[in-house]
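A structural walkthrough
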Amino acid sequence: MKSASIEIREARKGWCFVVPALVWTIAFFVVPFAFMAAVSFASRVSRQIVYTWDLGNYLNFFSKSYLLKGLFVSLEITLMVTVISVLLAYPLAWIIAERVPKRWQRTALILAILPFWTSYVVRSYSWLLVLSSNGVINNLLLKIGLQEPLELASTTTATVIGFVHFFVMLLTLTIYSNLVQLSPNYQRAAQDLGANTLQTFWHVILPLTLPGIMVGAFLTFVLCIGDYITPQILGGNNELVLPQIIMLQLGRRADIPTAAALSIVLMLVVTLAYILCLRWLKMERA
Amino acid sequence: MSLRSILSGAFSWSYFVAIYVFIFLPVAVLVLFSFQDGTLPIPPFNGVTLKWYAEVFTDPKLMSALGNSLNVAFLSSLLACLLGFCAAYGLARFRLPATALQRILLTAPLTVSYLIIALGLLVLFNWAGVRLSLWTVGIGHVVINLPLCFAIIYASMGEHQKNTERAAQDLGANGIQVVLLVTAPMLMPSILAAFFLSLTFSWDEFIISFLLSRFDVTLPVEIWSLLRSGLNPKTNAIGSIVFLTSSVLLVALEIFVFRAGSGK
């Protein structure tokens, strides 16, 4: 009896610690989200939000072609960025883990992620300096003998370059931490059994690091598909991605219901990717 | 050494250098042309001037945005750390129902893009008639940083600290004394890591600040409005300052938190 009351008192003390964070998360994350979900079923009638509780905003996806196109452009860019970033980051992580002397590895990593900490907005802007029609690259190309500057800025290519720059740093970090956790015994065993470097990599190292790559790739996917800044600064106004379209609804048209519906779609895409990623990881483990 | 290993070594190192050039190219261009003696931050480089830095430091809008950013980052990180630490302590040290559910709830904001968090808060504040200000930005930043702080601190709460806490209790320390004098100091490396990480995230965050602020804005939002004037060495200058600040923060984190932590 006495121990039960002590337990209740203990639990009460525990709640005191947890409740503030819970309340904060519910008040400023769960409730706003529920609000947004509700608004996505409303419509905007002469600058007022009217709760009509219909699927109009979602059905617009099929009647207004630029919405569906935005989703496709988003997916296309995101997948491209994810694949290119993994392909570029993996060798770098491997070189840092295998070729760079142990005591310099940390420094090499910190150097690799240093630009990661520049302001996100500024980073996209600095790619503009490099890619614009009179920027660094075109300047160089014109000197070498190119006749006309390449149209690099304000294209999807520029968006992809800006994104890849950011995610190569991120992925190098995650893949590196995966590689150094591998016991060198695996490599030694493979070599003792007669595998050459390439075979060791392909049959032993790569499969062992695949789950880590998937986690990094998923992170890339999520951050990339939800980003507004990089496409807005580097991509120009030709091929809009979904976040750009959402911001357009908010800004010029003040159409919160449509923006909310688009956000929900964006979230569903991310959730779908998450489920696929999780299922794949489970399959891998089984 | 065989020819093959020399070749593969040469290939590795050229790849290594190429990627680092790719990573540093935009930052190098940014910093170099912040000293441009001319009105365009693009080649040719005309010579060195500090004019643009002087312009940044005499721009009242940029300076107030800088102050706002520091305030919001500091206060929101402090609150996020405090809430995160308490929640981590409560969940790790007390037997509560549905802890798994609580952990999922507390870390859920990590899985949602900032744009969606900002939009939700915007809808809520609109409905409640809350005026947008730096406070609403700060609320948003606590929402994104709280799960991070919680996860980092919770992950470092182990069994060995529990024994020290119990020892302190047996020696007559009350609950609050245990938390403040035993648990918090033991977890200081991860608390500091969480704090500095929150600081850099909040300092750099754009979309929440953009949507949830009105008249007073944070630095990324002010830089964003500078971008409308196109390529401008002044933008390079403020960008270089931001880069320097974040780098110092990162190096401080490395030296004081991680290296100190791994040295033990």
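Nothing here was measured: the structure is a model prediction, and the numbers come from that model.

Digging into the overall build of chain A
Of the regular secondary structure elements, chain A holds twelve helices and two strands. Secondary structure elements of chain A, listed N to C terminal, follow the sequence α-β-β-α-α-α-α-α-α-α-α-α-α-α. Taking 286 residues into account, the globule formula puts the C-alpha radius of gyration at 19 Å, and chain A, at 25 Å, lies well above it. Considering only C-alpha atoms, chain A reaches an extent of 85 × 70 × 35 Å along its principal axes. The buried share of chain A, taken over its 286 residues, is 39%. Long-range pairs, those at least 24 residues apart, make up 70% of the contacts in chain A between residues at least 6 apart in sequence.

Details of the overall build of chain B
Looking only at helices and strands, chain B features twelve helices and zero strands. Ordered by position from the N terminus, the helices and strands of chain B form the series α-α-α-α-α-α-α-α-α-α-α-α. Relative to a compact globule of 264 residues, whose C-alpha radius of gyration would be 18 Å, chain B shows 23 Å and is clearly more extended. Taking the principal axes of the C-alpha coordinates as reference, chain B spans close to 70 × 70 × 30 Å. A buried classification covers 44% of the 264 residues belonging to chain B. A separation threshold of at least 6 residues defines the contact pool for chain B, and within that pool the share at least 24 residues apart is 75%.

A short note on the interface of chain B and chain A
The interface is formed by 65 residues belonging to chain B together with 62 residues belonging to chain A. Sorting the residues of the side of chain B that touches chain A by element identifies helix 1 (3–32), helix 3 (60–93), helix 4 (99–107), helix 5 (114–128), helix 6 (134–155), helix 9 (188–204), helix 11 (219–227) and helix 12 (233–263) of chain B as the ones contributing at least two each. Class assignment for the residues of the side of chain B that touches chain A results in 50 nonpolar, twelve polar and three charged.

Some words on the nonpolar core
A general feature of soluble globular proteins is that nonpolar side chains tend to end up buried together. By size, the foremost hydrophobic cluster in this structure holds 147 residues, and its most contacted members are B:Ile117, B:Ala118, B:Leu119, B:Ile153 and B:Ala194. Per-element accounting of this core gives the leading share, 15 residues, to helix 3 of chain B.

Let's talk about unusual backbone geometry
Residues and elements named next belong to chain A. Phi angles above zero are rare outside glycine, and Trp53 is one such case at about 50 degrees. With respect to the helices and strands, Trp53 occurs in the loop between strand 2 (48–50) and helix 2 (56–63). Its identity as a non-glycine residue notwithstanding, Ser154 has a phi of 60 degrees, on the positive side. Classification of Ser154 by C-beta neighbours within 10 Å gives partly exposed; the count is 18.

Looking at the packing of helix 8 (residues 184–192) of chain A against helix 9 (residues 197–225) of chain A
Residues and elements named next belong to chain A. Relative orientation of the contacting elements helix 8 and helix 9 amounts to 155 degrees, with a least axis distance of 10 Å. What the angle tells us is that helix 8 and helix 9 run roughly antiparallel. For the crossing formed where helix 8 meets helix 9, the hand is right-handed. In this structure, helix 8 contributes Tyr186, Gln187, Ala190 and Gln191 to the contact, and helix 9 contributes Thr200, Val204 and Leu208. When grouped by side-chain class, the residues that make up the contact of helix 8 with helix 9 number four nonpolar, three polar and no charged.

Quick word on helix 11 (residues 242–251) of chain A
Taking burial as the measure, the ten residues of helix 11 of chain A include seven buried ones, the bulk of the element. By the burial criterion, the buried members of helix 11 of chain A are A:Leu242, A:Pro243, A:Ile245, A:Ile246, A:Met247, A:Gln249 and A:Leu250.

Regarding the environment of A:Ser85
All names here are of chain A. Here Ser85 is to be found in helix 3 (residues 65–98). Distance in space between the C-alpha atoms of Ser85 and Ile49 is 42 Å, their sequence separation being 36 residues. In contact with Ser85, other than residues within four places in its own chain, are Val164, Phe167, Val168, Leu171 and Thr220.

Description of the confidence of the model for chain B
Scored by pLDDT, chain B comes out at a mean of 87, with 97% of its residues at no less than 70. Interface confidence in the predicted complex, given as ipTM, is 0.86; pTM for the same model is 0.86.

Analysis parameters
- The written sequence of each chain sets the order in which its residues are numbered from 1.
- All chains are assigned letters beginning at A, and all ligands numbers beginning at 1, according to the order in which they are written.
- Local features are withheld for residues below a pLDDT of 70 in this predicted model, meaning they are given only at 70 or higher, and side-chain atom pairs are given and counted only at 80 or more; totals for whole chains, interfaces and linings count all residues.
- Numbering of helices and strands starts at the N terminus; helices are DSSP runs of H or I of at least 4 residues and strands are runs of E of at least 2.
- The atom set for the radius of gyration is the C-alpha atoms, and the globule formula is 2.2 Å times the number of residues raised to the power 0.38.
- Exposure is read from a count of other C-beta atoms within 10 Å of each residue's own; the residue is exposed at 12 or fewer, buried at 20 or more and partly exposed in between. C-beta atoms are placed from the backbone.
- Here, residue contact means that the backbone-derived C-beta atoms of the two residues sit within 7 Å.
- Charged means Asp, Glu, Lys or Arg here, nonpolar means Ala, Val, Leu, Ile, Met, Phe, Trp, Tyr, Cys or Pro, and polar covers whatever is left, Gly included.
- Joining buried Ala, Val, Leu, Ile, Met, Phe, Trp, Tyr and Cys residues through C-beta atoms within 7 Å gives a set, and that set is a nonpolar core.
- Angles here are taken between N-to-C directions and fall from 0 to 180 degrees, while the axes themselves are lines fitted to C-alpha atoms, restricted in helices to the stretch in contact.
- Roughly parallel means an angle under 35 degrees; roughly antiparallel means over 145; roughly perpendicular covers 65 to 115; every other angle is labelled oblique.
- Definitions for this section: a left-handed crossing has its near helix turned counterclockwise from the far helix by less than a right angle. A right-handed crossing has that turn clockwise.
- Residue-level confidence of the predictor, termed pLDDT, takes values from 0 up to 100.

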